[in-house]
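What follows is each chain in one-letter form.
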Amino acid sequence: MKRAFATILSSVLLCLAASTPALGDHVLRAGFLPVSPAAQLAARFTPLLDHLSTKTGHRFDFVTAPGFPTFMERTSQGEYDLIWVPPHFARQANLEAGYEPLAAGGKKLVGVLLARRDGPGSARDVRNKTLALVDPQAFISLLVISFLEDNGLRADRNYRIRYFQTHPSAIEAVRRGVADLAGVSDVYFDQERSAGRADLVEIARTMEAPGMVFLAHPRLPEPTRRRIKDTLLSMGDSPDRKSALDQAKMGLLVPIPASDLKKMDKIIQRMKSSPGR
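One structure accompanies this document, and this report is about it. All values reported here derive from a predicted model rather than from experimental measurement.

Another aspect to go through is the layout of surface pockets. In this approach the atoms are scanned with a rolling probe the size of a water molecule, which exposes any empty space left behind. As a volume, the largest pocket reaches approximately 220 Å³. For the largest pocket, the full set of lining residues is F139, L143, S146, F147, D150, M207, A209, P210, M264, K266, I267 and R270. Sorting the residues of the lining of the largest pocket by element identifies α5 (139-150) and α11 (265-272) as the ones contributing at least two each. Its residues placed into classes, the lining of the largest pocket shows eight nonpolar, one polar and three charged.

In C-alpha cells, the structure reads:
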C-alpha cells in the first residue's frame, strides 16, 4: 500500500513539474525605441540581451514598434518588461507606468547637424532651409530644435521641418536633396564616417545630455529587477561583455539617479509643444 501511494505521489509530482515552467523559462519582452530599422537595432542589442539571459536565467525577446507614439503607448500599457529609451521617455515611463530606472549609457547623447558639402555651412545658414529630423518626440530632435532656438532660429518661422521615421532615413533625405540638412544622433554620423562616406559634413553640434536608459516594469519581482540591474552595471567587467556594449554603442553602463530623470521635466514640456505634435 505504501509503495503504491509513493508511486502515485511520484507520478503527481512529475506531472506538476512537467506542467509548471521553471522561473528561468519565463520570457521577458525587451522593448527598444525604434530609432533605426528593426533589423539594425536587433543586431546592435542581441549580444547584450544574450548576456542578460545567461546571467539572469530569463530569455529576453527583442521587440520594437512601428514608431515612437506606438512604442510609448505600449510602454504606458505595460507591454514591455524591459525598455531602452532616452532620458525624457524614461522619466515619462517612470511617472506614468512606474518603470524603475536600472542603468544609463555612459555615452552621452549629442545631436549633430549634417549638410551636403555644397549646403549650409553653419547653424546661421539654416534660415529658410528644410531640416530633416526624426519623430517630433525624439530626444535628439528636441535637442536640435532647442539648439537652434538658442541661436535665434525658430521652427516654422525661420526654417522648415520634415520628419522621418529613423535617423538613417533623415540622413538619406539630405543625400537625396529632399532636405537641406539633418539633425541626428552623433552615433549615426560616426557610422557614416566609418562606412567611408564623406559627402555629408558636420556643421554644428548640440549640448551633451544623459545617455539612453534601461528601465524595468514594476511587475517584475524585485530580485529579478536587481539581477538585471547588477548584470547591466557589470557589463564592462569582461572582454566578451564589453564587446556586447561596444556593439550596442552605449559606452559603459552607469547608475542613473532619480534626480537626473527629474531634470527631464522641462524637456517633456518642450516635447508637448514641439512642432509636428
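One pass over the full model with this rule turns up seven aromatic pairs. Relative to F214, the ring of F32 has its centre 6.3 Å away and its plane inclined at 85°; by these criteria the two rings are edge-to-face. Residue F32 is found in strand β1 (residues 27-32), and its partner F214 is found in strand β10 (residues 213-216); the two are separated by 182 residues along the sequence. We note that F32, like F214, is buried. Seen from their ring centres, F68 and F89 are 6.2 Å apart, and the 75° between their planes marks the pair as edge-to-face. Taken together, the residues span a long stretch of sequence, with F68 in helix α3 (residues 68-76) and F89 in helix α4 (residues 87-97) at a distance of 21 residues.

Moving on: helix α6 (residues 167-176). Taken residue by residue, α6 has H167, A170, I171, A173 and V174 as its buried positions. Along α6, the residues classed as buried sweep out an arc of 150° about the axis, all on the same side. Against β5 (111-116), β6 (130-133), α5, β8 (181-185), α7 (186-194) and β9 (200-205) lie the buried residues of α6. Backbone geometry just after α6 places G177 at a positive phi near 85°.

The five strands are arranged β7-β6-β8-β5-β9 in an open sheet whose pairing can be described as mixed. Pairing within the sheet leaves two strands with one partner each, and these edge strands are β7 (160-163) and β9. Along the sheet, successive strands turn relative to each other by an average axial angle of 30°, direction set aside. Relative to β7, β6 runs parallel, the two being bridged by four bridges. For T130, the partnering residue across the bridge sits in β7 and is R160. The sheet strands contacting α6 are β5, β6, β8 and β9, and the helix crosses β8 at an angle near 160°. α7 rests against β5, β8 and β9 of the sheet, and its axis sits at about 105° to β8.

As a further point, take the sheet that holds strand β2 (residues 59-63). Sheet architecture is open: six strands sit in the order β2-β1-β3-β10-β4-β11, paired in mixed fashion. This sheet does not close on itself; its edge strands, each paired only once, are β2 and β11 (253-254). Bridging between β1 and β2 involves five bridges; their strand directions are parallel. The residue bridging G31 from the neighbouring strand is V63, located in β2. Sitting on the sheet, helix α2 (residues 38-56) touches β1, β2, β3 (82-85) and β10, and the angle it makes with β2 is about 165°. Contacts between helix α8 (residues 222-233) and the sheet are confined to β1, β2, β3, β4 (100-105), β10 and β11, with β4 contributing the most and set at about 10° to the helix.

Scanning the model with the defined rule gives 17 salt bridges in all. Two residues, D118 and R116, come together in a salt bridge whose shortest N-O distance is 3.7 Å. Look at D118 and you get exposed, because its relative accessible area is 69%. By relative accessible area, which is 23% here, R116 ends up partly exposed. The closest approach of N and O atoms between R175 and D199, which form a salt bridge, is 2.7 Å. In this pair, R175 is assigned in helix α6 and D199 in the loop between α7 and β9, connecting sequence segments 24 residues apart. For R175, a relative accessible area of 24% corresponds to the partly exposed category. Taken together, the shared-partner salt bridges in this structure form one network comprising E172, R175, E192, R197 and D199.

Definitions and cut-offs
- Residues numbered from 1 in each chain as written.
- Predicted model: local features only at pLDDT ≥ 70, side-chain atom pairs only at ≥ 80, totals over all residues.
- Heavy atoms only, no water.
- 1 Å grid on protein atoms, 1.4 Å probe; cavity = no way out; pocket = protein on both sides within 12 Å on 5 of 7 lines; lining within 4 Å.
- Points joined across faces, edges and corners; volume = space filled by probe spheres on them.
- Helix = DSSP H or I, 4+ residues; strand = E, 2+ residues; numbered from the N terminus.
- Nonpolar A, V, L, I, M, F, W, Y, C, P; charged D, E, K, R; others polar.
- Phe/Tyr/Trp six-rings, centres within 6.5 Å; stacked < 30°, edge-to-face > 60°.
- Buried < 20%, exposed > 50% of the residue type's maximum accessible area, 1.4 Å probe, protein only.
- Arc of directions from axis to C-beta.
- Contact = heavy atoms within 4.5 Å.
- Pairing = 2+ DSSP bridges.
- Axes fitted to C-alpha atoms, helices over the stretch in contact; angles between N-to-C directions.
- Salt bridge = Lys/Arg side-chain N within 4 Å of Asp/Glu carboxyl O.

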